[in-house]
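Chain by chain, the residues:
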Amino acid sequence: MSRQFDLASDLEQQAREDALASTRATAQRETPAPSGVCPWCEDIAPAGATFCGAECASDWQAHHARERRAAIISGAK
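Residues numbered from 1 in each chain as written. Predicted model: local features only at pLDDT ≥ 70, side-chain atom pairs only at ≥ 80, totals over all residues. Heavy atoms only, no water.

### A short note on the overall build of the protein
Thought 1: Helix and strand content of the protein: two helices and zero strands.
Thought 2: Computed over C-alpha atoms, the radius of gyration of the protein comes to 19 Å, more than 25% over the 11 Å expected from 2.2 N^0.38 for 77 residues, which places it beyond the range of a compact globule.
Thought 3: When the backbone C-alpha atoms are referred to their principal axes, the protein occupies close to 60 × 35 × 15 Å.
Thought 4: A separation threshold of at least 6 residues defines the contact pool for the protein, and within that pool the share at least 24 residues apart is 10%.
Thought 5: Accessible surface, the protein as shown: approximately 6100 Å² in total, 56% of it carbon and sulfur.
Thought 6: Within the protein, one finds 8 positive and 11 negative side-chain charges whose respective centroids are separated by 5 Å. (Helix = DSSP H or I, 4+ residues; strand = E, 2+ residues; numbered from the N terminus. Rg over C-alpha atoms; globule rule 2.2 N^0.38 Å. Contact = heavy atoms within 4.5 Å. Areas by Shrake-Rupley, 256 points an atom, 1.4 Å probe, with all protein chains shown as cover. Lys, Arg positive; Asp, Glu negative; His and termini not counted. Charge placed at Lys NZ, Arg CZ, Asp CG, Glu CD.)

Printed below as a string of structure tokens:
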């Protein structure tokens, strides 16, 4: 009986890891690549950075989170 519990626990852990990996992969694709220009305010961004600062990054993420929620609610995604 304990073998069945161990197998079930292993399957649950694998499913959790797969879901997290999928979420991380999706999140990475949604964030724009560094281009030298902030995608939120269009100011110059430091070399290798996507956003010009933490405030723009936070605002951009919050805006796109609202868009994703609205799309889910409306059935678009």
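After presenting the structure, the write-up continues.
### Some points on the state of the cysteines
Thought 1: Under the defined criterion, the tally for this structure stands at zero disulfides.
Thought 2: With no disulfide of its own, cysteine 41 has cysteine 52 as its nearest cysteine by sulfur position, at a separation of 3.6 Å.
Thought 3: Of all cysteine sulfurs in the structure, the one in cysteine 56 sits closest to cysteine 52, which takes part in no disulfide; the separation is 3.6 Å.
Thought 4: Judged by its relative accessible area of 30%, cysteine 52 falls in the partly exposed class. (Disulfide = S-S within 2.5 Å. Buried < 20%, exposed > 50% of the residue type's maximum accessible area, 1.4 Å probe, protein only.)

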